[in-house]
Amino acid sequence: MDQFWFYFKLGLNHVLDINAYDHVLFFIVLTVPYTFSNWKRVLWLVTIFTLGHTLSLILATYGVVTVSSGLVECLIPITIFITAVFNIFTAGKGAKREKFGLAFFATLFFGLIHGLGFSTYFKQIVASASNKLVPLLEFALGIEASQIIVVIIVLIIGFLVQTIFRFNKRDWIMVISAIVIGFVIPMLIDSCAFN
């Protein structure tokens, strides 16, 4: 049980770490177009992201995939930027109701990228473990739980802002996405700068 809590908390801290807030920014822009009435769709997006994240960790941990850490560190803020810009251009147009569409495949792909960003560190942690799959799944549960926490907070704030303060949904999406872009641009400059 100690091992479970170690990897579960590692997953929680991976997302909720104040010094590495890329996951939080991604889930803010992923969630901001939705309300509590879309909870199933949002839960599917969160889970699909976790599946992508876990799949890339499995592939990297078992040596199937190796990607330059510099490239991954550049791609992570790009995924956040693309999602935020997409929100700005589609704000107020309403969420599409299809079961699996562009949003799901993009979220899966972005999950793969974000997972690769943590793969080097995770490989070091599980290097001595005989069974690496169990720690990966325990870590994934922590990731999923922390992402759900972020999503619930974003949905609650969105509900309060839109119902109590009567903030227009379109404006809410555009303002939050623009704020996230403001946070991501320095990340892009730092991680994607070519020397």
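Notes on the structure follow. Here the structure is a predicted model, which means the values were calculated and not measured.

On to the overall build of the chain. Counting its regular elements, the chain contains 7 helices and 0 strands. Ordered by position in the sequence, the α and β elements of the chain form the string α-α-α-α-α-α-α. The C-alpha radius of gyration of the chain comes to 17 Å, within 12% of the 16 Å expected for a compact globule of 195 residues. Counting only C-alpha atoms and orienting by the principal axes, one finds that the chain spans roughly 55 × 45 × 30 Å. Taking all 195 residues of the chain together, 43% fall into the buried category. Counting contacts in the chain only where the partners sit at least 6 residues apart, residues at least 24 apart contribute 88% of the total. Across the chain, the 12 positively charged side chains and the 9 negatively charged ones have centroids separated by 14 Å.

Across all of its chains, the model carries 1 disulfide by this definition. Cysteine 74 shares a disulfide with cysteine 192; S-S distance 2.0 Å. Between cysteine 74 and cysteine 192 the disulfide shows an S-S torsion of about 110°. By sign, it is right-handed. On the criterion of sequence distance, the pair formed by cysteine 74 in helix H4 (residues 69–90) and cysteine 192 in helix H7 (residues 169–192) is long-range, its members being 118 residues apart. You'll find cysteine 74 and cysteine 192 in the same group, each marked buried.

Next up on the list: unusual backbone geometry. For residues other than glycine, phi is negative in most cases, and the peptide bonds are mostly trans. Its identity is not glycine, yet arginine 166 carries a phi of approximately 55°, on the positive side. When you line up the elements, arginine 166 lands in the loop between helix H6 (133–164) and H7.

Direction vectors running N to C along helix H3 (residues 39–61) and helix H5 (residues 102–125) enclose 40°, while the axes themselves pass 6 Å from each other. Taken together, the axes of H3 and H5 lie oblique to each other. In terms of crossing hand, the pair formed by H3 and H5 is right-handed. Looking at the contact of H3 with H5 residue by residue, the classes come out as 15 nonpolar, 9 polar and 2 charged.

Here the focus is the side chain of serine 177. Of note, serine 177 is situated in helix H7. Other than its neighbours up to four places away in sequence, serine 177 contacts Val29, Val32, Ala84, Asn87 and Ile88.

Side chains of nonpolar character tend, in soluble globular proteins, to be buried together. Phe26, Phe27, Ile80, Phe122 and Phe139 are the most contacted members of the largest nonpolar core, which totals 41 residues. Breaking this core down by element, the ones donating at least two residues are helix H1 (2–16), helix H2 (22–31), H3, H4, H5, H6 and H7. In this structure, Ala91, Val161, Trp172 and Ile173 belong to the second largest nonpolar core, which totals 6 residues.

As a further point, take a nonpolar patch on the surface. On the surface, Phe36, Ile152, Ile156, Phe159, Leu160, Ile164 and Phe165 cluster together to form a nonpolar patch covering roughly 670 Å² of accessible area. Secondary-structure assignment places isoleucine 156 in helix H6. Residue classification places isoleucine 156 among the partly exposed positions, given a relative accessible area of 37%.

What follows deals with the pattern of salt bridges. Within the structure shown, the criterion is met by 1 salt bridge. In this structure, arginine 170 engages aspartate 171 in a salt bridge whose closest nitrogen and oxygen atoms are separated by 3.4 Å. For aspartate 171, a relative accessible area of 33% corresponds to the partly exposed category.

Conventions we followed
- Residues numbered from 1 in each chain as written.
- Predicted model: local features only at pLDDT ≥ 70, side-chain atom pairs only at ≥ 80, totals over all residues.
- Heavy atoms only, no water.
- Helix = DSSP H or I, 4+ residues; strand = E, 2+ residues; numbered from the N terminus.
- Rg over C-alpha atoms; globule rule 2.2 N^0.38 Å.
- Buried < 20%, exposed > 50% of the residue type's maximum accessible area, 1.4 Å probe, protein only.
- Contact = heavy atoms within 4.5 Å.
- Lys, Arg positive; Asp, Glu negative; His and termini not counted.
- Charge placed at Lys NZ, Arg CZ, Asp CG, Glu CD.
- Disulfide = S-S within 2.5 Å.
- Axes fitted to C-alpha atoms, helices over the stretch in contact; angles between N-to-C directions.
- Parallel < 35°, antiparallel > 145°, perpendicular 65-115°, else oblique.
- Left-handed = near helix turned anticlockwise from the far one by under 90°.
- Nonpolar A, V, L, I, M, F, W, Y, C, P; charged D, E, K, R; others polar.
- Core = buried A, V, L, I, M, F, W, Y, C linked by side-chain atoms within 4.5 Å.
- Patch = residues over 30% accessible without salt bridge, like charges linked within 9 Å, V, L, I, M, F, W, Y side chains within 5 Å.
- Areas by Shrake-Rupley, 256 points an atom, 1.4 Å probe, with all protein chains shown as cover.
- Salt bridge = Lys/Arg side-chain N within 4 Å of Asp/Glu carboxyl O.

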